[in-house]
2 protein chains.
Amino acid sequence: MLTKFLPFLNWTKSYQRHDLTNDLIAAIVVAIMLVPQGMAYAMLAGLPPQAGLYGAMLPLVLYAMFGSSPSLAVGPVAVVALMTAAAAGTVADIGAPGFHLAALWIALLSGMMMLVLGLFRLGFLANFLSHPVISGFITAAGLLIAASQLRHLLGTDIRGKTLPEVIPSFVAGLGTISWLTLGLSALILVFLLWSRAGLAKLLMRLGLGAPIAKLLGKTGLLIAVVGSTLLVWGTGLDQHGVSIVGDIPRGLPPFALPEFNLSLIQLLAAPALMIAIVGYVESVSIAQTLAAKKRQFIDPDRELVALGLANLGAGVTSAMPVTGGLSRSIVNYDAGAATPAAGAMTAVLIALAVLALTPLMYYLPNATLAAIIIVAVVSLLDFGALPRTWAYSRADGAAMAATMAVTLLIGVEQGLLAGVGLSLVLYLYRTSRPHMAVVGQVPGTEHFRNIDRHAVVTTPEVFSIRVDESLYFPNARALEDRIVQALSDTPALRHVVLQCSAVNYIDASALESLEAINERLEAAEVQFHLSEVKGPVMDQLERGHLLHDLTGSVFLTQFDAMNKLAPETTQACVASARSDTHIQPA
Amino acid sequence: MLTKFLPFLNWTKSYQRHDLTNDLIAAIVVAIMLVPQGMAYAMLAGLPPQAGLYGAMLPLVLYAMFGSSPSLAVGPVAVVALMTAAAAGTVADIGAPGFHLAALWIALLSGMMMLVLGLFRLGFLANFLSHPVISGFITAAGLLIAASQLRHLLGTDIRGKTLPEVIPSFVAGLGTISWLTLGLSALILVFLLWSRAGLAKLLMRLGLGAPIAKLLGKTGLLIAVVGSTLLVWGTGLDQHGVSIVGDIPRGLPPFALPEFNLSLIQLLAAPALMIAIVGYVESVSIAQTLAAKKRQFIDPDRELVALGLANLGAGVTSAMPVTGGLSRSIVNYDAGAATPAAGAMTAVLIALAVLALTPLMYYLPNATLAAIIIVAVVSLLDFGALPRTWAYSRADGAAMAATMAVTLLIGVEQGLLAGVGLSLVLYLYRTSRPHMAVVGQVPGTEHFRNIDRHAVVTTPEVFSIRVDESLYFPNARALEDRIVQALSDTPALRHVVLQCSAVNYIDASALESLEAINERLEAAEVQFHLSEVKGPVMDQLERGHLLHDLTGSVFLTQFDAMNKLAPETTQACVASARSDTHIQPA
């Protein structure tokens, strides 16, 4: 029982020496990435560099205690940083004291929301964010993140949160480019892109073993940071237009609840909810992918609780909002993290770094951080997803395109809302115009299929129709119209059989519609039958009047219905040779 | 072709003498009801009495030319009057010049919206208003309408648009009741309620033939109006606190476009859309019910066009918004209206009445109009619908209860929105947690059913699951979780068959989920098969990768699948005696 609330008791019991070794190696590798990434994502969020470093301390310890994934590396991530910047930017300008306060409240609010959703087991709500919408959103957010770093890469003033704001600002800023900054940026970018694969290869060619070379290959970020800092320190480039990080407070973060401000909370509640959902969806899908590889199980609601506590931890330690990040989690997994303790060790290493190393980061150029961000988001961009999704489904493609367009042109929150809204509207539209198939018997079987697609046997006295959707209010009338049409088309008609194999639910509006059909058919001396009504639907129909008023019967199967209503045709058809002729749809 | 745009050319061609007689009789009966009802509903809408009378002229002629129902009686109706009062009340006080202007713009805007929806054949959108929501809304609106007439019935000042406003106002007004007005109201109410059935019976007992007695039985309104007017005129009750209608301008309405005001239009656009939809839904369902009795066909989109033009006609002739009304349409139908010409004749009779009779209406008491409204709305109230709907479906009952509660407590527009919103949310919630049934073969048949409900045959090597919902983003993960669970529960498992008979659509998110299932099963050396995939779903799957990657096969039927994967069990089961044992659900 206790382990339900303190899940870390599970793995601490069986913790062994080789777990410690594995966790420590993973923690070192992740910490080396996390120091520069934390500062970079803080810059992306419009916050001072320490907000990113603090986000890599208490939140990681809390996740290690309450989370269920041994591989997930929690901390500052790019997309959440961008969303934080957008949301905090609506209440204060970057650099103003209100901006950092807003970011802390975003962490607290999204933490509380995650916690509540998790405790009430509402994690399934995140399923309403469809794959195409998430994928489109991440690509568009990646582009906006890259655009936001142009000013650091070029050393000029380019501002704006959406493409219509960034583009004119970019054009106007072209005249004031700092060529020294641009050169430095280009150098670091080329090195980082090369080092992702090239560094490990080089080390192997220099004689190192593959596992060690692969681990050391992850130190590209560290080399770039140390190298560019030394370069600026040695050459005084900061005196010639190359902007640097400057002072970072030494020591552990202050522990304090941020100033309470009700109107601020009201303004930030909606964006915090979206940040909570995006952060959760990103994190849980990474955790599940990594868990599946080891055949482990991730409890989505427990993840929500752990991520919620991690964000509450961020909010009380002057840190930025956090979630599980893709690139560091993969590194963590590859480096062999055995338990969530790896995350806690990462936090300790980060704390040591902040205590000891911050003075050394004074000369770290902002261009290096921007280049780190650019390299991180390049892996988020998936432009092929749009044509691929569009080819599979117009509706999914449209939802993805709308998400991307609105995110790029109007804003990140609006983009997500547009995507979710359009997905739902298109789904409702689809179900409001259901596919209906007139069915006949497949020769040699007891099976019934669409007369337009299969060579099937029918009889003019019986009209069998299968409606391929639950019957509910938006489509309640469509079936009525179709049956009335059949009634006027087929004078020999004596029976209508509604095959309900695809009907998963009949609501009150559809029930009235079925009763109207029954009455109309009765007036025309045609019997109305149902077949293949599923258990839950039958249970429900038994609570209404339809079964009592029905002029015909309810048959277990469509075959039973036809065997009763047109026995000769049906038996002859079963006895006939099986024909698998597939007719192409008209 | 021409008749498509001018549909009245259809019936004018074959118009005959006996059609004329029938139409004229119906027109006279309807006009006798419409003069007092028009004035009463104008009062309900907060408009001068002539706005109701004008609403019974040009709009009726336009509907007669463009509408498709011979029986529908268009004109002012109670629910639309209430909604007009609520919407216009948000921009001006009753009696202020801006109030009437707002009502005219509501007519114009809702007319334009109906016209556009009809021309683009978007009438199906009205299906999103479910039966329970409409039914709950009409009952709640009926209560609010009755409450709004209390001040005329009691001769005291009771105001408010919602129950929380009306109730304290009613309590405060109790001290200033005009007892003369109350007595008069009670007299008229009792007479009107009695006359609905009693007048025709009395006339028959006096020796009149049944058809004539039934027609004259509809003149209860006329008798009440004439009688109460004469009473007030003769006794001077208007000098003793009984309020009267007073001056009504004589002559035809002015023909003019109301003053243009963009901010007014922006404020009224949303309520006008709701009035358009409610008016259309009410009207088309009356028209369809009456048409079904005569086996005639109503084109919903043409109805939208005709009602749109009727409302545009109302907007340019100082009239209130109109739609088809239930009580007058039934009277029109019963009186034998043969063609839409009956409506046009009604309009001519109303015009004659306005030209000749308005001075005679000076002493008509407002209490009579209020009593007419009360009697009309009593037939709208259906309190039994809520328990009936709740018993059939909790979701429908909840949507109905929410519609009623929000309408009564907050407002009519909010009530409708709450109802539609909740219906959709509950539907989405239901589809996000689909019913899944593990299926087995019904002995003696080729049919497969839920193992929990039927005595069926299964084999441990094959796990057959039927998911009773389209697979789309909110439920994409549920199937994955269920199959992973089966995988760990059943070590003997070699095949998983997904029976897709109830799957009407597979979106991109669900496709990814199916691919993930396929990969996971492949890793566990279990084959993944599909059966009974419907044509449209198969077409769609062919555009993705799943069919290519699938470790198993796609079978036409679940029986084919089992016959291939476990032939001995399956054949033995077919040969065994048929068992119809129904197992009660757990």
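Remember, it's a predicted structure, so these values are computed and weren't measured experimentally. (Residues numbered from 1 in each chain as written. Chains lettered and ligands numbered in written order. Predicted model: local features only at pLDDT ≥ 70, side-chain atom pairs only at ≥ 80, totals over all residues.)

### What to know about the pairing of strand β3 (residues 436-441) of chain B
Residue and element names in this part refer to chain B. Pairing geometry for β3 and strand β5 (residues 462-467), over three bridges, is antiparallel. Within the sheet, the bridge partner assigned to Ala 437 lies in β5 and is Arg 466. Where β3 lies against strand β4 (residues 448-450), three bridges are found, and the strand directions are antiparallel. Pairing of Gly 440 across the sheet is with Arg 449, part of β4. Here β3 folds back onto β4 in antiparallel fashion, the turn holding six residues, of which Gly 444 has a positive phi close to 80 degrees. (Pairing = 2+ DSSP bridges. Helix = DSSP H or I, 4+ residues; strand = E, 2+ residues; numbered from the N terminus.)

### Details of the packing of helix α5 (residues 58-66) of chain A against helix α15 (residues 300-315) of chain A
All names here are of chain A. Close contact between α5 and α15 brings their axes to 8 Å; oriented N to C, the two are set at 155 degrees. With respect to their mutual orientation, α5 and α15 come out roughly antiparallel. In this structure, α5 meets α15 at a crossing whose hand is right-handed. Only Val 305, Ala 306, Leu 307, Leu 309, Ala 310, Asn 311, Gly 313 and Ala 314 of α15 make contact with α5, whose side of the interface consists of Leu 58, Pro 59, Leu 62, Tyr 63 and Phe 66. For the contact of α5 with α15, the class distribution of residues is eleven nonpolar, two polar and no charged. (Axes fitted to C-alpha atoms, helices over the stretch in contact; angles between N-to-C directions. Parallel < 35°, antiparallel > 145°, perpendicular 65-115°, else oblique. Left-handed = near helix turned anticlockwise from the far one by under 90°. Contact = placed C-beta atoms within 7 Å. Nonpolar A, V, L, I, M, F, W, Y, C, P; charged D, E, K, R; others polar.)

### Brief notes about the interface of chain A and chain B
Opposite the 52 residues of chain A that make contact, chain B presents 53 residues. For the side of chain A that touches chain B, the secondary structure elements donating two or more residues are α8 (131-148), α19 (385-392), α20 (394-409), α21 (412-432), α22 (476-489), α23 (508-523) and α24 (535-541) of chain A. For the side of chain A that touches chain B, the element with the most residues is α21(A), which contributes six residues. Taken together, the residues of the side of chain A that touches chain B break down into 22 nonpolar, 18 polar and twelve charged.

### Some details on the relation of the copies chain A and chain B
When chain A is brought onto chain B, the operation consists of a screw motion whose angular component is 180 degrees and whose axial shift is 0.0 Å, with 0.1 Å RMSD remaining. Such values leave the two copies arranged in the relation of a two-fold axis. Of every C-alpha in chain A, the one belonging to Ala502(A) sits nearest the axis of rotation, 1.9 Å from it. Of the interface residues in chain A, 100% have counterparts in chain B that sit at the interface too, so the contact is made through matching surfaces. (Least-squares fit on C-alpha atoms with pLDDT ≥ 70 in both.)

### Describing the domain arrangement of chain A
As assigned here, chain A comprises domain 1 (2-378), domain 2 (385-432) and domain 3 (436-575). Just the C-alpha atoms count here: the centres of domain 1 of chain A and domain 3 of chain A sit 58 Å apart. (Domains from an automatic or database assignment.)

### Some points on the sheet that holds strand β7 (residues 527-531) of chain A
All names here are of chain A. With respect to topology, six strands assemble into an open sheet ordered β4-β3-β5-β6-β7-β8, the strand pairing being mixed. A single partner strand is all that each edge strand has here, and the edge strands are β4 (448-450) and β8 (554-555). Contacts from α22 reach β3 (436-441), β5 (462-467) and β6 (495-499) within the one sheet, and its direction differs from that of β5 by about 160 degrees.

### Side note on the pairing of β6(A)
All names here are of chain A. Most of β6 is tucked away, with five of its five residues classed as buried. Relative to β6, β5 runs parallel, the two being bridged by five bridges. Bridge pairing in β6 links Ile 465 to Leu 498. The β-α-β motif built from β5, the intervening α22 and the parallel element β6 has right-handed crossover chirality. Sheet topology note: the β6/β7 ladder contains five bridges and is parallel. (Buried ≥ 20, exposed ≤ 12 C-beta atoms within 10 Å, placed from the backbone. Right-handed = clockwise from strand over helix to strand, strands pointing away.)

### Topic: the sheet that holds β5(B)
Within the open sheet, the six strands sit side by side as β4-β3-β5-β6-β7-β8 (chain B). Their pairing is mixed. With one partner strand each, in any of the chains shown, β4 and β8 (554-555) of chain B form the two edges of the open sheet.

### So, unusual backbone geometry
Leaving glycine aside, a negative phi is the common case for residues, and trans is the common case for peptide bonds. For Glu525(A), which is not a glycine, the phi torsion comes out positive at approximately 60 degrees. Inspection of the secondary structure puts Glu525(A) in the loop between α23 and β7. Notably, Glu532(B) is not glycine yet its phi reads approximately 55 degrees, a positive angle. Its location among the elements puts Glu532(B) in the loop between β7 (527-531) and α24 (535-541). The class of Glu532(B) is buried, set by 26 C-beta atoms lying within 10 Å.

### Considering the environment of Met43(B)
Residue and element names in this part refer to chain B. Relative to the assigned elements, Met 43 resides in helix α3 (residues 17-44). It is 9.2 Å that separates the C-alpha atoms of Met 43 and Gln 149, two residues lying 106 residues apart in sequence. Beyond its immediate stretch of four places on either side in the chain, Met 43 contacts Pro 49, Asn 366 and Leu 369.

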